[in-house]
Amino acid sequence: MTHRLTLPLALALALSAGAASAADGAKTFQLQCKTCHGAKSSPAGPSLAGVAGRKIAGLTDFTYSAGLKAKSGTWTDANLDGYLAGPMKFAPGTRMATGVANPADRAAVVAYLKTLK
Ligand code: HEC
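Structural notes, computed from the coordinates.

About the cut-offs
- Residues numbered from 1 in each chain as written.
- Predicted model: local features only at pLDDT ≥ 70, side-chain atom pairs only at ≥ 80, totals over all residues.
- Heavy atoms only, no water.
- Axes fitted to C-alpha atoms, helices over the stretch in contact; angles between N-to-C directions.
- Helix = DSSP H or I, 4+ residues; strand = E, 2+ residues; numbered from the N terminus.
- Parallel < 35°, antiparallel > 145°, perpendicular 65-115°, else oblique.
- Left-handed = near helix turned anticlockwise from the far one by under 90°.
- Contact = heavy atoms within 4.5 Å.
- Nonpolar A, V, L, I, M, F, W, Y, C, P; charged D, E, K, R; others polar.
- Phe/Tyr/Trp six-rings, centres within 6.5 Å; stacked < 30°, edge-to-face > 60°.
- Buried < 20%, exposed > 50% of the residue type's maximum accessible area, 1.4 Å probe, protein only.
- Lys NZ or Arg CZ within 6 Å of the ring centre and 35° of its normal.
- Near = heavy atom within 4 Å.
- Polar contact = N/O pair within 3.5 Å; in protein donor to acceptor, adjacent residues only side chain to side chain.
- Lys, Arg positive; Asp, Glu negative; His and termini not counted.
- Salt bridge = Lys/Arg side-chain N within 4 Å of Asp/Glu carboxyl O.

Points about the packing of helix 3 (residues 77-85) against helix 5 (residues 103-113)
Across the interface, helix 3 lies against helix 5 with an axial gap of 10 Å and an inter-helix angle of 130°. On the basis of their axis angle, the class for helix 3 and helix 5 is oblique. Remark: the crossing between helix 3 and helix 5 carries right-handed chirality. Facing helix 3, whose interface residues are Asp77, Leu80, Asp81, Leu84 and Ala85, helix 5 presents Arg106, Val109, Val110 and Leu113. Each residue belonging to the contact of helix 3 with helix 5 can be placed in one class, and the counts come to six nonpolar, no polar and three charged.

So this is what it looks like as structure tokens:
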């Protein structure tokens, strides 16, 4: 009997959580990332405009660490998640130490990064 009610409810909750995530990620970004990642690359960090799908360590206006340059591939969802889960583990020798430990917060930040054009 009860599953008839709980299934639509769970779906509704999942959908509302998905819709909120990029907005939640924007808040985390303002607090934890923006000091180093502006609209333009600076010595503090590369620009993250258009980072989703971009080649890892792919900008020419930023001097990346050898650790990040050693990674091949592009910034897929999985790679962004992996880097933010453990920057040093994903790319030993990277100059970025900041991560997002909470998986839900991290998913929200990745959703937000994908809106940056
Ligand atoms: C203290 C400064 C600093 C903070 C804070 C910071 N970053 Fe970074 N970030 C860097 C630097 C420096 C690099 C380049 C790392 C390298 O060359 O190893 C980088 C690289 C990146 C890259 C790879 C970009 C590319 O062009 O390949 C992503 C994605 C990224 N940061 C996301 C984030 C997110 C999301 C946050 C917030 C949760 C954040 N960063 C917080 C300094 C910072």
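A few points about the packing of aromatic side chains
By the definition in use, this model includes five aromatic pairs. Arranged with centres 5.0 Å apart and planes meeting at 70°, the rings of Phe62 and Tyr64 form a pair that is edge-to-face. Judged by its relative accessible area of 10%, Tyr64 falls in the buried class. Three or more aromatic residues joined by ring pairs make a cluster, and in this case those are Trp75, Tyr83 and Phe90. Over the face of the ring belonging to Phe90 we find Lys71, whose NZ or CZ atom lies 4.1 Å from the ring centre.

What to know about the site of the ligand
Neighbouring the ligand are 24 residues, the closest being Cys33, Cys36, His37, Ser65 and Met96. Here an oxygen atom of the ligand sits 2.5 Å away from a polar atom, N or O, in the side chain of Ser65. Of the residues in the shell around the ligand, the class split is 17 nonpolar, five polar and two charged.

Considerations on the side chain of Arg54
Here Arg54 lies in the loop between helix 1 (3-32) and helix 2 (66-69). Here Arg54 occupies a buried position and makes no salt bridge, while the nearest side chain of opposite charge, Asp61, is found at 7.2 Å. Of the polar contacts made by the side chain of Arg54, one reaches the backbone oxygen of Ala49; its length is 3.0 Å. Those residues in contact with Arg54 that lie beyond four places of it in its chain are Ser47, Leu48, Ala49, Leu59, Tyr64, Thr74 and Trp75.

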